[in-house]
Amino acid sequence: MISTFLSGMSNLRYHLNERIRNVGGHIGLGIRPSNRGKRLGNTLMKLTIEKAIEHGIREINIHCHKHNEPSTRMIKANGGSLESEILYGGEVVQRYVVIAP
Ligand SMILES: CC(C)(COP(=O)(O)OP(=O)(O)OC[C@H]1O[C@@H](n2cnc3c(N)ncnc32)[C@H](O)[C@@H]1OP(=O)(O)O)[C@@H](O)C(=O)NCCC(=O)NCCS
């Protein structure tokens, strides 16, 4: 877990079971609403991807809802490539992958 002075928090899941391989992925993160739009999400995602790579994860799966533009932009800004989309719980979930260099 990485936190940016309690303005946000990320979770890194080292192993994917079948359920989170389907929807969830390796990384989940959130920024406190009053601190959104200040590039903290981009920074926290970058730090969490670096941690994942340190832990030997070569293909980092990151998922988000298609309609969540801040999230899709944050993932793309950090090298995420769209792999697939699925319908889950009535919403389109996009599955991105970041390949370790
Ligand atoms: C998604 C989230 C983490 C983004 O954090 P943030 O600190 O506000 O984002 P940033 O300021 O770093 O901006 C990230 C990108 O989103 C864009 N963005 C920020 N706010 C936006 C808005 N309201 N509408 C559209 N785009 C927006 C930024 O321009 C940036 O894109 P760019 O690099 O192409 O310019 C934050 O909105 C959040 O906590 N949402 C709720 C939880 C969530 O959805 N988590 C994601 C699951 S992986």
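One can find the structure itself at the top, above this paragraph.
So, a few notes on the structure that sits alongside this text. (Residues numbered from 1 in each chain as written. Predicted model: local features only at pLDDT ≥ 70, side-chain atom pairs only at ≥ 80, totals over all residues. Heavy atoms only, no water.)

## Notes on unusual backbone geometry
One non-glycine residue, Arg39, adopts positive backbone phi at about 70°. Tracing the backbone through its elements, the reader meets Arg39 in the loop between β3 (27-31) and α2 (40-54). The exposure class assigned to Arg39 is exposed, which follows from its relative accessible area of 60%. (Helix = DSSP H or I, 4+ residues; strand = E, 2+ residues; numbered from the N terminus. Buried < 20%, exposed > 50% of the residue type's maximum accessible area, 1.4 Å probe, protein only.)

## With respect to the site of the ligand
Inspection of the region around the ligand gives 18 residues, with Leu29, Ile31, Gly37, Gly41 and Asn68 positioned closest. The backbone of Gly41 places a nitrogen or oxygen atom 2.8 Å from an oxygen atom of the ligand. Elements with a contribution of two residues or more to the shell around the ligand: β3, α2 and α3 (69-77). With six residues, α3 is the single largest residue contributor to the shell around the ligand. When its residues are assigned to classes, the shell around the ligand shows six nonpolar, seven polar and five charged. (Near = heavy atom within 4 Å. Polar contact = N/O pair within 3.5 Å; in protein donor to acceptor, adjacent residues only side chain to side chain. Nonpolar A, V, L, I, M, F, W, Y, C, P; charged D, E, K, R; others polar.)

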